[in-house]
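# Descriptive structure summary
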Amino acid sequence: MEHKINAYNNLLELIGNTPLIKLNKVAAPLTGNFYAKVEGFNPGHSAKDRIAIHIIEEAERRGILKKGSTIIETTSGNTGFSIAMISIIKGYDCILAVSSKSSQDKIDMLRSMGAKVYVCPAHVSADDPRSYYEVAKRLHEETEGSIYINQYFNELNADAHYHSTGPEIWDQTNGHITHFIACSGTGGTISGTAKYLKEQNPEIRVIGVDAYGSVLKKYHETGELDNNEIYPYRIEGLGKNLIPTATNFKIIDEFVKVTDEESAHTAREISRSEGIFVGYTSGAVMQAVKQLNELGEFDENSNVVVIFPDHGSRYMSKIYSDQWMADQGFFDTKNIEEPQKIEF
Ligand code: PMP
(Lines give C-alpha, C1' and ligand atoms only; values in the text may rest on other atoms or scores of the structure.)
Protein backbone atom coordinates (compact mmCIF):
# COMPACT_ATOMS: atom_id res chain seq x y z
CA MET A 1 0.00 0.00 0.00
CA GLU A 2 1.27 3.46 -0.90
CA HIS A 3 1.56 5.80 2.08
CA LYS A 4 0.85 9.50 1.77
CA ILE A 5 4.30 11.07 1.74
CA ASN A 6 4.64 14.85 1.73
CA ALA A 7 7.45 15.12 -0.78
CA TYR A 8 8.04 17.00 -4.00
CA ASN A 9 8.36 14.76 -7.03
CA ASN A 10 11.58 16.53 -7.97
CA LEU A 11 13.41 19.84 -7.60
CA LEU A 12 11.64 21.42 -10.56
CA GLU A 13 8.40 21.75 -8.60
CA LEU A 14 10.19 24.28 -6.41
CA ILE A 15 10.87 26.78 -9.20
CA GLY A 16 9.07 30.10 -8.74
CA ASN A 17 6.68 31.19 -5.98
CA THR A 18 9.58 32.92 -4.27
CA PRO A 19 8.88 34.98 -1.16
CA LEU A 20 8.29 38.73 -1.09
CA ILE A 21 10.15 40.05 1.94
CA LYS A 22 9.75 43.48 3.55
CA LEU A 23 13.03 45.38 3.80
CA ASN A 24 13.10 46.66 7.34
CA LYS A 25 16.64 47.94 7.84
CA VAL A 26 18.24 48.87 4.54
CA ALA A 27 15.09 50.82 3.57
CA ALA A 28 14.54 52.41 6.99
CA PRO A 29 15.92 55.83 6.00
CA LEU A 30 13.81 55.93 2.80
CA THR A 31 10.27 57.25 2.23
CA GLY A 32 7.72 54.50 1.45
CA ASN A 33 7.46 50.73 1.86
CA PHE A 34 9.98 48.46 0.19
CA TYR A 35 9.70 44.74 -0.59
CA ALA A 36 12.15 42.37 -2.25
CA LYS A 37 11.22 39.37 -4.38
CA VAL A 38 14.07 37.10 -3.32
CA GLU A 39 14.93 34.91 -6.30
CA GLY A 40 17.78 33.16 -4.50
CA PHE A 41 15.02 30.92 -3.08
CA ASN A 42 14.71 29.16 -6.45
CA PRO A 43 16.38 25.72 -6.41
CA GLY A 44 19.07 26.95 -8.82
CA HIS A 45 19.49 30.05 -6.61
CA SER A 46 18.42 32.61 -9.22
CA ALA A 47 15.54 33.97 -11.31
CA LYS A 48 17.04 32.20 -14.33
CA ASP A 49 15.38 28.93 -13.25
CA ARG A 50 12.12 30.49 -14.42
CA ILE A 51 13.26 31.17 -17.98
CA ALA A 52 15.19 27.92 -18.32
CA ILE A 53 12.21 25.74 -17.33
CA HIS A 54 9.80 27.81 -19.46
CA ILE A 55 11.93 27.67 -22.63
CA ILE A 56 12.77 23.97 -22.18
CA GLU A 57 9.17 22.93 -21.53
CA GLU A 58 7.95 25.00 -24.49
CA ALA A 59 10.43 23.12 -26.72
CA GLU A 60 9.09 19.83 -25.28
CA ARG A 61 5.51 20.90 -26.06
CA ARG A 62 6.54 21.70 -29.63
CA GLY A 63 8.14 18.24 -29.87
CA ILE A 64 11.64 19.64 -30.48
CA LEU A 65 13.23 18.22 -27.34
CA LYS A 66 13.15 14.51 -26.65
CA LYS A 67 14.95 12.39 -24.06
CA GLY A 68 18.68 12.57 -24.69
CA SER A 69 18.45 15.82 -26.73
CA THR A 70 21.00 18.56 -26.21
CA ILE A 71 20.45 22.05 -24.79
CA ILE A 72 22.97 24.73 -25.74
CA GLU A 73 23.56 28.21 -24.34
CA THR A 74 26.26 30.87 -24.13
CA THR A 75 26.62 31.69 -20.46
CA SER A 76 28.88 31.09 -17.51
CA GLY A 77 26.41 32.54 -15.09
CA ASN A 78 23.05 31.86 -13.56
CA THR A 79 21.33 30.70 -16.77
CA GLY A 80 23.99 28.05 -17.28
CA PHE A 81 23.49 26.68 -13.80
CA SER A 82 19.70 26.56 -14.22
CA ILE A 83 19.93 24.77 -17.60
CA ALA A 84 22.46 22.27 -16.22
CA MET A 85 20.23 21.55 -13.19
CA ILE A 86 17.09 21.06 -15.28
CA SER A 87 18.99 18.93 -17.84
CA ILE A 88 20.03 16.51 -15.09
CA ILE A 89 16.45 16.05 -13.91
CA LYS A 90 14.92 15.79 -17.37
CA GLY A 91 17.69 13.69 -18.94
CA TYR A 92 19.17 16.13 -21.49
CA ASP A 93 22.77 16.88 -22.39
CA CYS A 94 23.81 20.43 -21.57
CA ILE A 95 26.50 22.29 -23.55
CA LEU A 96 27.60 25.74 -22.39
CA ALA A 97 29.96 27.94 -24.43
CA VAL A 98 31.63 30.40 -22.09
CA SER A 99 34.16 33.17 -22.49
CA SER A 100 37.76 32.67 -21.35
CA LYS A 101 37.08 35.65 -19.01
CA SER A 102 34.86 33.39 -16.86
CA SER A 103 36.38 32.47 -13.53
CA GLN A 104 37.58 28.90 -12.95
CA ASP A 105 35.09 28.76 -10.04
CA LYS A 106 32.18 29.28 -12.42
CA ILE A 107 33.47 26.74 -14.95
CA ASP A 108 33.96 24.19 -12.15
CA MET A 109 30.45 24.90 -10.83
CA LEU A 110 28.87 24.19 -14.23
CA ARG A 111 30.95 21.04 -14.70
CA SER A 112 29.89 19.89 -11.21
CA MET A 113 26.33 20.01 -12.56
CA GLY A 114 27.24 17.77 -15.49
CA ALA A 115 27.49 20.48 -18.18
CA LYS A 116 29.93 20.11 -21.07
CA VAL A 117 31.78 23.43 -21.13
CA TYR A 118 33.55 25.00 -24.15
CA VAL A 119 35.89 27.82 -23.16
CA CYS A 120 36.13 30.33 -26.05
CA PRO A 121 38.56 33.24 -26.43
CA ALA A 122 37.13 36.44 -24.91
CA HIS A 123 38.97 38.95 -27.08
CA VAL A 124 37.56 38.08 -30.51
CA SER A 125 34.59 39.80 -32.14
CA ALA A 126 31.14 38.25 -31.83
CA ASP A 127 31.18 37.11 -35.49
CA ASP A 128 34.58 35.38 -35.21
CA PRO A 129 34.10 31.57 -35.55
CA ARG A 130 35.92 31.12 -32.22
CA SER A 131 33.58 33.44 -30.26
CA TYR A 132 31.20 31.78 -27.82
CA TYR A 133 28.22 32.99 -29.87
CA GLU A 134 29.55 31.36 -33.04
CA VAL A 135 30.65 28.18 -31.25
CA ALA A 136 27.16 27.80 -29.71
CA LYS A 137 25.51 28.44 -33.10
CA ARG A 138 27.75 25.90 -34.83
CA LEU A 139 27.16 23.23 -32.17
CA HIS A 140 23.42 23.88 -32.44
CA GLU A 141 23.51 23.44 -36.24
CA GLU A 142 25.62 20.29 -35.98
CA THR A 143 23.62 18.62 -33.21
CA GLU A 144 20.33 17.22 -34.41
CA GLY A 145 17.37 17.75 -32.09
CA SER A 146 19.24 20.38 -30.06
CA ILE A 147 17.88 23.72 -28.89
CA TYR A 148 19.77 26.99 -28.45
CA ILE A 149 18.30 29.00 -25.57
CA ASN A 150 19.71 32.34 -26.87
CA GLN A 151 18.28 34.28 -23.92
CA TYR A 152 19.09 37.80 -25.21
CA PHE A 153 17.07 37.23 -28.38
CA ASN A 154 14.39 34.76 -27.27
CA GLU A 155 10.86 36.10 -26.77
CA LEU A 156 10.12 33.23 -24.39
CA ASN A 157 12.53 34.82 -21.88
CA ALA A 158 10.17 37.70 -21.03
CA ASP A 159 7.20 35.38 -21.51
CA ALA A 160 8.43 33.25 -18.58
CA HIS A 161 8.24 36.27 -16.27
CA TYR A 162 4.90 37.37 -17.73
CA HIS A 163 3.45 34.03 -16.65
CA SER A 164 5.19 33.67 -13.27
CA THR A 165 6.96 36.64 -11.68
CA GLY A 166 4.29 39.18 -12.73
CA PRO A 167 1.22 37.32 -11.37
CA GLU A 168 3.10 36.34 -8.20
CA ILE A 169 3.96 39.97 -7.39
CA TRP A 170 0.42 41.15 -8.18
CA ASP A 171 -1.01 38.50 -5.81
CA GLN A 172 1.59 39.03 -3.09
CA THR A 173 0.89 42.78 -3.00
CA ASN A 174 -2.88 42.32 -3.44
CA GLY A 175 -2.55 44.77 -6.29
CA HIS A 176 -1.19 47.57 -4.06
CA ILE A 177 2.18 47.81 -5.82
CA THR A 178 3.06 51.35 -7.01
CA HIS A 179 6.62 50.86 -8.33
CA PHE A 180 8.43 47.90 -9.90
CA ILE A 181 12.22 48.20 -10.09
CA ALA A 182 14.56 45.59 -11.59
CA CYS A 183 18.02 45.25 -13.09
CA SER A 184 18.07 44.83 -16.85
CA GLY A 185 20.47 42.43 -18.57
CA THR A 186 18.60 40.48 -21.19
CA GLY A 187 15.63 42.58 -20.03
CA GLY A 188 13.49 39.46 -19.68
CA THR A 189 12.68 39.97 -16.00
CA ILE A 190 11.65 43.61 -16.24
CA SER A 191 9.84 43.32 -19.59
CA GLY A 192 7.74 40.25 -18.81
CA THR A 193 6.91 41.20 -15.23
CA ALA A 194 6.07 44.80 -16.13
CA LYS A 195 3.82 43.71 -19.00
CA TYR A 196 1.68 41.67 -16.61
CA LEU A 197 1.67 44.36 -13.90
CA LYS A 198 0.80 47.21 -16.30
CA GLU A 199 -2.06 45.15 -17.74
CA GLN A 200 -3.51 45.07 -14.22
CA ASN A 201 -2.71 48.74 -13.47
CA PRO A 202 -1.08 50.98 -16.10
CA GLU A 203 -0.16 53.52 -13.38
CA ILE A 204 2.54 51.30 -11.90
CA ARG A 205 5.94 52.94 -12.43
CA VAL A 206 8.49 50.61 -14.02
CA ILE A 207 12.14 51.50 -13.56
CA GLY A 208 15.10 49.61 -15.03
CA VAL A 209 18.58 49.55 -13.53
CA ASP A 210 21.58 49.83 -15.85
CA ALA A 211 25.36 49.99 -15.30
CA TYR A 212 27.77 52.78 -16.16
CA GLY A 213 29.55 51.27 -19.18
CA SER A 214 26.34 49.86 -20.70
CA VAL A 215 24.17 51.21 -23.53
CA LEU A 216 20.63 50.46 -22.27
CA LYS A 217 19.71 53.78 -20.60
CA LYS A 218 20.97 55.90 -23.49
CA TYR A 219 19.23 53.65 -26.04
CA HIS A 220 15.98 54.00 -24.08
CA GLU A 221 16.27 57.78 -24.23
CA THR A 222 17.50 58.25 -27.80
CA GLY A 223 16.66 55.06 -29.72
CA GLU A 224 20.30 54.86 -30.78
CA LEU A 225 23.16 52.57 -29.82
CA ASP A 226 25.95 54.90 -28.67
CA ASN A 227 29.31 53.10 -28.66
CA ASN A 228 30.80 55.89 -26.53
CA GLU A 229 28.71 54.57 -23.63
CA ILE A 230 30.57 51.23 -23.69
CA TYR A 231 33.45 50.60 -21.28
CA PRO A 232 34.38 47.77 -18.88
CA TYR A 233 32.58 47.46 -15.55
CA ARG A 234 32.47 44.90 -12.79
CA ILE A 235 28.81 44.09 -12.11
CA GLU A 236 27.85 40.82 -13.82
CA GLY A 237 24.40 40.20 -15.27
CA LEU A 238 23.32 43.82 -15.62
CA GLY A 239 23.61 46.13 -18.62
CA LYS A 240 24.86 45.23 -22.10
CA ASN A 241 27.01 46.40 -25.03
CA LEU A 242 24.27 45.53 -27.53
CA ILE A 243 20.48 45.90 -27.71
CA PRO A 244 18.72 42.67 -26.68
CA THR A 245 15.44 42.01 -28.48
CA ALA A 246 14.24 40.31 -25.27
CA THR A 247 13.89 43.83 -23.78
CA ASN A 248 10.62 45.72 -24.31
CA PHE A 249 11.94 49.28 -23.98
CA LYS A 250 8.45 50.78 -24.40
CA ILE A 251 7.18 49.26 -21.18
CA ILE A 252 10.03 50.71 -19.09
CA ASP A 253 9.34 54.26 -17.87
CA GLU A 254 12.89 55.15 -16.93
CA PHE A 255 16.41 53.74 -16.48
CA VAL A 256 18.75 54.56 -13.59
CA LYS A 257 22.50 53.93 -13.74
CA VAL A 258 24.53 52.68 -10.79
CA THR A 259 28.26 52.33 -10.11
CA ASP A 260 30.24 49.17 -9.38
CA GLU A 261 31.46 50.55 -6.08
CA GLU A 262 28.14 51.71 -4.59
CA SER A 263 26.37 48.55 -5.75
CA ALA A 264 29.00 46.34 -4.11
CA HIS A 265 28.72 48.21 -0.80
CA THR A 266 24.92 48.12 -0.93
CA ALA A 267 24.88 44.34 -1.56
CA ARG A 268 27.08 43.85 1.51
CA GLU A 269 24.82 46.19 3.47
CA ILE A 270 21.70 44.14 2.54
CA SER A 271 23.37 40.90 3.65
CA ARG A 272 24.56 42.35 6.94
CA SER A 273 21.45 44.35 7.81
CA GLU A 274 18.59 42.15 6.54
CA GLY A 275 20.31 38.76 6.82
CA ILE A 276 19.35 38.07 3.19
CA PHE A 277 22.52 36.85 1.47
CA VAL A 278 22.29 38.48 -1.96
CA GLY A 279 24.29 38.80 -5.19
CA TYR A 280 25.88 41.88 -6.76
CA THR A 281 22.83 43.03 -8.76
CA SER A 282 20.63 43.00 -5.64
CA GLY A 283 23.02 45.68 -4.39
CA ALA A 284 22.60 47.47 -7.73
CA VAL A 285 18.81 47.58 -7.57
CA MET A 286 18.84 48.79 -3.97
CA GLN A 287 21.44 51.42 -4.85
CA ALA A 288 19.08 52.62 -7.61
CA VAL A 289 16.27 52.81 -5.04
CA LYS A 290 18.44 55.01 -2.78
CA GLN A 291 19.17 57.35 -5.71
CA LEU A 292 15.49 57.52 -6.68
CA ASN A 293 14.58 58.28 -3.08
CA GLU A 294 16.96 61.25 -3.13
CA LEU A 295 15.18 62.49 -6.27
CA GLY A 296 11.79 62.38 -4.50
CA GLU A 297 10.40 59.43 -6.50
CA PHE A 298 8.49 57.93 -3.53
CA ASP A 299 5.96 59.09 -0.92
CA GLU A 300 4.55 57.48 2.26
CA ASN A 301 2.01 55.50 0.22
CA SER A 302 4.53 54.02 -2.20
CA ASN A 303 4.74 50.22 -2.22
CA VAL A 304 7.93 49.49 -4.06
CA VAL A 305 8.84 45.98 -5.23
CA VAL A 306 12.42 45.21 -6.25
CA ILE A 307 13.90 41.98 -7.59
CA PHE A 308 16.89 40.43 -5.80
CA PRO A 309 17.97 38.19 -8.74
CA ASP A 310 20.36 35.72 -7.11
CA HIS A 311 22.14 34.36 -4.05
CA GLY A 312 25.31 35.78 -2.50
CA SER A 313 27.21 32.48 -2.51
CA ARG A 314 28.16 33.06 -6.17
CA TYR A 315 30.20 36.14 -5.21
CA MET A 316 32.52 34.87 -2.46
CA SER A 317 35.69 35.73 -4.41
CA LYS A 318 34.23 39.08 -5.51
CA ILE A 319 32.11 41.45 -3.42
CA TYR A 320 32.26 39.28 -0.29
CA SER A 321 36.07 39.15 -0.40
CA ASP A 322 37.52 42.11 1.52
CA GLN A 323 40.72 41.68 -0.49
CA TRP A 324 38.83 41.92 -3.81
CA MET A 325 37.03 45.02 -2.56
CA ALA A 326 40.40 46.54 -1.61
CA ASP A 327 41.94 45.55 -4.98
CA GLN A 328 39.15 47.43 -6.78
CA GLY A 329 39.79 50.48 -4.60
CA PHE A 330 36.33 50.08 -3.00
CA PHE A 331 37.73 49.48 0.45
CA ASP A 332 40.66 50.77 2.45
CA THR A 333 42.96 47.84 3.32
CA LYS A 334 42.92 49.27 6.87
CA ASN A 335 39.27 48.13 7.05
CA ILE A 336 40.02 44.47 6.36
CA GLU A 337 39.06 42.59 9.49
CA GLU A 338 40.82 39.26 9.89
CA PRO A 339 38.90 36.54 11.75
CA GLN A 340 40.08 35.83 15.31
CA LYS A 341 42.59 33.01 15.35
CA ILE A 342 42.86 30.63 18.31
CA GLU A 343 46.43 29.30 18.66
CA PHE A 344 46.90 25.59 19.26
N1 PMP B 1 21.11 39.93 -12.08
C2 PMP B 1 21.81 38.83 -12.36
C3 PMP B 1 22.77 38.29 -11.33
C4 PMP B 1 21.69 38.19 -13.60
O5 PMP B 1 22.40 37.07 -13.87
C6 PMP B 1 20.80 38.75 -14.54
C7 PMP B 1 20.65 38.09 -15.88
N8 PMP B 1 21.55 38.50 -16.88
C9 PMP B 1 20.09 39.93 -14.22
C10 PMP B 1 20.26 40.47 -12.97
C11 PMP B 1 19.17 40.61 -15.19
O12 PMP B 1 18.04 39.87 -15.50
P13 PMP B 1 17.46 39.90 -16.99
O14 PMP B 1 18.46 39.18 -17.86
O15 PMP B 1 16.17 39.17 -16.89
O16 PMP B 1 17.32 41.31 -17.42
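Position numbers for residues start from 1 in each chain and track the written sequence from start to end. Confidence filtering applies because this is a predicted model: local features only for residues at pLDDT of at least 70, side-chain atom pairs given and counted only at 80 or more, and all residues used for totals across whole chains, interfaces and linings. Where side-chain values are given, they derive from all heavy atoms of the structure, hydrogens and water being excluded.

The protein chain has the name Cystathionine beta-synthase in an unreviewed UniProt entry, where Arenibacter certesii is given as its organism. UniProt positions are given in the numbering used here, feature names are shortened, and annotations may be inferred rather than shown by experiment. Under the UniProt heading Sequence similarities (unreviewed entry), the entry covering the protein chain gives this text: "Belongs to the cysteine synthase/cystathionine beta-synthase family." Under Cofactor (unreviewed entry), UniProt gives the following word-for-word description of the protein chain: "pyridoxal 5'-phosphate".

A few words now on the site of the ligand. Residue proximity to a molecule or strand is established when one non-hydrogen atom of the residue lies within 4 Å of it. Around the ligand there are 15 residues in total, and Gly-185, Thr-186, Gly-187, Thr-189 and Thr-281 lie nearest to it. Within the contact set of the ligand, an oxygen atom lies 2.6 Å away from a side-chain nitrogen or oxygen of Thr-186. Accessible surface area values rest on a Shrake-Rupley calculation with a 1.4 Å probe, where residue burial reflects the displayed protein chains alone. Against a free-state accessible area of 390 Å², the protein chains account for coverage of 93% of the ligand. Gly counts as polar in this scheme, as do all residues outside two lists: the nonpolar Ala, Val, Leu, Ile, Met, Phe, Trp, Tyr, Cys and Pro, and the charged Asp, Glu, Lys and Arg. A breakdown of the residues in the shell around the ligand according to their chemical character gives 3 nonpolar, 9 polar and 3 charged. Polar contacts here mean pairs of N or O atoms no more than 3.5 Å apart (in protein, one a potential hydrogen donor and the other a potential acceptor; neighbouring residues in sequence count only if both atoms are side-chain atoms).

Attention shifts here to helix α3 (residues 104-112). Three labels apply to residues, based on accessible area from a 1.4 Å probe with only protein chains included: buried if under 20% of the type maximum, exposed if over 50%, partly exposed otherwise in between. A run of H or I in DSSP counts as a helix once it spans at least four residues, and a run of E counts as a strand once it spans at least two, with each numbered from the N terminus. Looking only at α3, the buried set comprises Lys-106, Ile-107 and Leu-110. Mapping the buried residues of α3 onto a view down its axis gives an arc of 100°, with all of them on the same face. Turned more than 90 degrees away from the buried face of α3, the exposed residues are Gln-104, Asp-105, Arg-111 and Ser-112. We call two residues contacting when some pair of their heavy atoms lies within 4.5 Å. Buried residues along α3 sit in contact with α2 (78-90), β4 (93-99) and β5 (116-120). Phi turns positive one or two residues past the end of α3, at Gly-114, with a value near 80°. Here the arc refers to the set of directions running from the helix axis out to each C-beta atom.

Below, the discussion takes up the sheet that holds β4. Only strands that DSSP links by at least two bridges are regarded as paired with each other. Taken in spatial order, the 4 strands line up as β5-β4-β3-β6 in an open sheet, and their pairing is parallel. Edge positions in the open sheet fall to β5 and β6 (147-148), since each of these has one partner strand only. Bridge analysis of strand β3 (residues 70-73) against β6 gives 2 bridges, and the strand direction is parallel. Bridge pairing in β6 places Ile-72 opposite Tyr-148.

Turning our attention to the nonpolar core. Within the largest apolar cluster, 40 residues are counted, with the highest numbers of intra-cluster contacts made by Leu-23, Ile-181, Val-209, Met-286, Val-306, Phe-308 and Ile-319. Only β2 (33-38), β7 (179-183), β8 (205-211), β9 (254-258), α9 (260-274), α10 (280-294), β10 (303-308) and α11 (322-327) provide two or more residues apiece to this core. The leading source of residues in this core is α10, at 7 residues. The residues touching Met-286, leaving out its near neighbours within four places in the chain, are Leu-23, Val-26, Ala-27, Leu-30, Thr-266, Ile-270 and Phe-308. Grouped together as the second largest cluster of nonpolar side chains are 27 residues, Leu-12, Ile-56, Ile-83 and Ile-149 included. As used in this record, nonpolar core signifies buried Ala, Val, Leu, Ile, Met, Phe, Trp, Tyr and Cys residues forming a set joined through side-chain atoms within 4.5 Å.

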